[in-house]
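# Reading the structure
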Amino acid sequence: MAGLFITGTDTGVGKTLVTAGIAAYLKERGLDVAAMKPVESGCLSGSPESDSVFLKKTIPLADDLDLINTYAFEPPLAPGLAARLEGVEISFDRILENFHRLELLHRWVLVEGAGGLRVPLAPNREVSDLIAAMKLPVLVVARMALGTVNHSLLTLEALERRGLEVAGLVFNGVAKEMDASARHNVELLAERSRVPIWGVLGHLEKARDRSELLAKVRVGLGPALERYFEIGC
């Protein structure tokens, strides 16, 4: 399938950085790639602080922001709750329409989710339901920190239970100072799961700096990206 859905073990694990970094790397290697953040909260649509604007500028993307981001809600809450408070119901049909338009325009589409798998989006519908509707393999982003083994295994179990394909797992160095668990996380996950570990995205000294992000992706994720996307084959 010509795309990936990037989800996380939790909120704040760095899904946006991973999505932007992978897409920018793929574009640098000559692949035709788009990205979308269908639903986000904690910002107004088109706000410079929004994840969707960051994706558009950093990758960079020529697609209209309306295609990249379908729904944006100001309250910093789970999107389903933020939507309810604003009197809006998130429509999967509308999201899928934008997704399929991007599929027609580009060879690859990377879709960034909101929070983790069980985050509510609409009545009785969660992020995992959106993944199933898009029929995309999933890339899981996890913190390089204590507790990530438990969170990662629970996320992978939930994906397996839903019958959703998992492409791999990426560790993200969200903290400047790694705790004592960092040196063991990759090994422990590899022992307990057959899911491919794509690598570690190192901590960024300059938040959301494109050149540093690309450099970290080349070092930490480059080999896995070359294999998965069959670059140069």
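What you see is a predicted model; the values in this text were computed from it and never measured.

The rules we used
Residues numbered from 1 in each chain as written. Predicted model: local features only at pLDDT ≥ 70, side-chain atom pairs only at ≥ 80, totals over all residues. Heavy atoms only, no water. Helix = DSSP H or I, 4+ residues; strand = E, 2+ residues; numbered from the N terminus. Rg over C-alpha atoms; globule rule 2.2 N^0.38 Å. Buried < 20%, exposed > 50% of the residue type's maximum accessible area, 1.4 Å probe, protein only. Contact = heavy atoms within 4.5 Å. Areas by Shrake-Rupley, 256 points an atom, 1.4 Å probe, with all protein chains shown as cover. Lys, Arg positive; Asp, Glu negative; His and termini not counted. Charge placed at Lys NZ, Arg CZ, Asp CG, Glu CD. Pairing = 2+ DSSP bridges. Axes fitted to C-alpha atoms, helices over the stretch in contact; angles between N-to-C directions. Phe/Tyr/Trp six-rings, centres within 6.5 Å; stacked < 30°, edge-to-face > 60°. Lys NZ or Arg CZ within 6 Å of the ring centre and 35° of its normal. Expected span 1.5 Å × (residues − 1). Polar contact = N/O pair within 3.5 Å; in protein donor to acceptor, adjacent residues only side chain to side chain. Salt bridge = Lys/Arg side-chain N within 4 Å of Asp/Glu carboxyl O. Core = buried A, V, L, I, M, F, W, Y, C linked by side-chain atoms within 4.5 Å.

### Focus on the overall build of the protein chain
- Check the secondary structure of the protein chain and you find ten helices and ten strands.
- Here the C-alpha atoms of the protein chain give a radius of gyration of 17 Å, agreeing with the 17 Å that 2.2 N^0.38 yields for 233 residues.
- Its C-alpha atoms put the protein chain at 45 × 35 × 35 Å along the principal axes.
- For the protein chain, the proportion of its 233 residues judged to be buried stands at 54%.
- In the protein chain, the share of contacts with a sequence separation of at least 24, taken over all contacts with a separation of at least 6, comes to 77%.
- Surface accessibility of the protein chain: about 11,000 Å² in total, with carbon and sulfur atoms responsible for 51%.
- For the protein chain, the distance from the average position of its 26 positive side-chain charges to the average position of its 30 negative side-chain charges is 2 Å.

### Some thoughts on the sheet that holds strand 8 (residues 138-143)
- An order of 2-5-1-8-9-10 is seen for the six strands of this open sheet, with the pairing classed as parallel. In the strand order of this sheet, the two ends are held by strand 2 (33-36) and strand 10 (197-201), each with one partner. With strand direction ignored, the average angle separating the axes of adjacent strands in the sheet is 20 degrees.
- Here helix 6 (residues 127-134) sits on the sheet and contacts strand 1 (3-8), strand 2, strand 5 (108-112) and strand 8; the angle it forms with strand 1, its principal contact strand, is near 170 degrees.
- Along the sheet face, helix 7 (residues 148-161) touches strand 1, strand 8 and strand 9 (166-172) and points at about 160 degrees away from the line of strand 8.

### A closer look at the packing of aromatic side chains
- Scanning all chains against the criterion turns up four aromatic pairs.
- On the basis of an interplanar angle of 10 degrees and a centroid distance of 6.1 Å, the ring pair of tyrosine 71 and phenylalanine 73 is categorised as stacked. Considered together, tyrosine 71 and phenylalanine 73 belong to a single accessibility category, that of buried residues.
- The structure contains a cluster of three or more aromatic residues connected by ring pairs, namely Trp108, Trp198, Tyr228 and Phe229.
- Sitting over the ring of tyrosine 71, arginine 94 keeps its end group 4.6 Å from the ring centre.
- Note that arginine 208 overlies the ring of phenylalanine 54, its terminal NZ or CZ placed 4.3 Å from the centroid.

### A short note on helix 1 (residues 15-28)
- Between the first and last C-alpha of helix 1 there are 20 Å, a value that for 14 residues agrees with the 20 Å anticipated at 1.5 Å per step.
- Buried residues dominate helix 1, accounting for twelve of its 14 residues.
- Buried within helix 1 are the following residues: Lys15, Thr16, Leu17, Val18, Thr19, Ala20, Gly21, Ile22, Ala23, Ala24, Tyr25 and Leu26.
- Just downstream of helix 1, glycine 30 is the residue with a positive phi angle, here 95 degrees.

### Notes on the environment of isoleucine 68
- Mapped onto the fold, isoleucine 68 is located in helix 3 (residues 65-68).
- Through-space distance from the C-alpha of isoleucine 68 to that of leucine 55 is 8.5 Å; in sequence the pair is 13 residues apart.
- The contact partners of isoleucine 68, leaving out residues within four places of it in the chain, are Ala35, Met36, Lys37, Pro38, Ser52, Lys56, Leu61 and Asp63.

### A short note on the side chain of serine 50
- In this fold, serine 50 is placed in the loop between strand 3 (39-41) and helix 2 (51-58).
- Within the structure, the side chain of serine 50 is placed 2.8 Å from the backbone oxygen of serine 47, a separation counted as a polar contact.
- With residues up to four places along the chain from it excluded, the contact list for serine 50 reads Glu40, Cys43, Leu44 and Arg208.

### Remarks on the pattern of salt bridges
- Under the defined criterion, the tally for this structure stands at nine salt bridges.
- Of the charged contacts, one joins glutamate 112 and lysine 37 as a salt bridge, the two residues approaching to 2.8 Å between their closest N and O atoms. Within this pair, whereas glutamate 112 is found in strand 5, its partner lysine 37 is found in the loop between strand 2 and strand 3, the two being separated by 75 residues in sequence.
- Residues participating in the shared-partner salt-bridge network are Lys37, Asp51, Glu112 and Arg208.

### Some words on the nonpolar core
- If you look at the biggest cluster of nonpolar residues, it comprises 39 residues, and the most contacted ones within it are Phe5, Ile90, Phe99, Val111 and Met134.
- One finds Ile6, Ile59, Val170 and Leu204 within the second-largest nonpolar core, a separate group that totals 36 residues.

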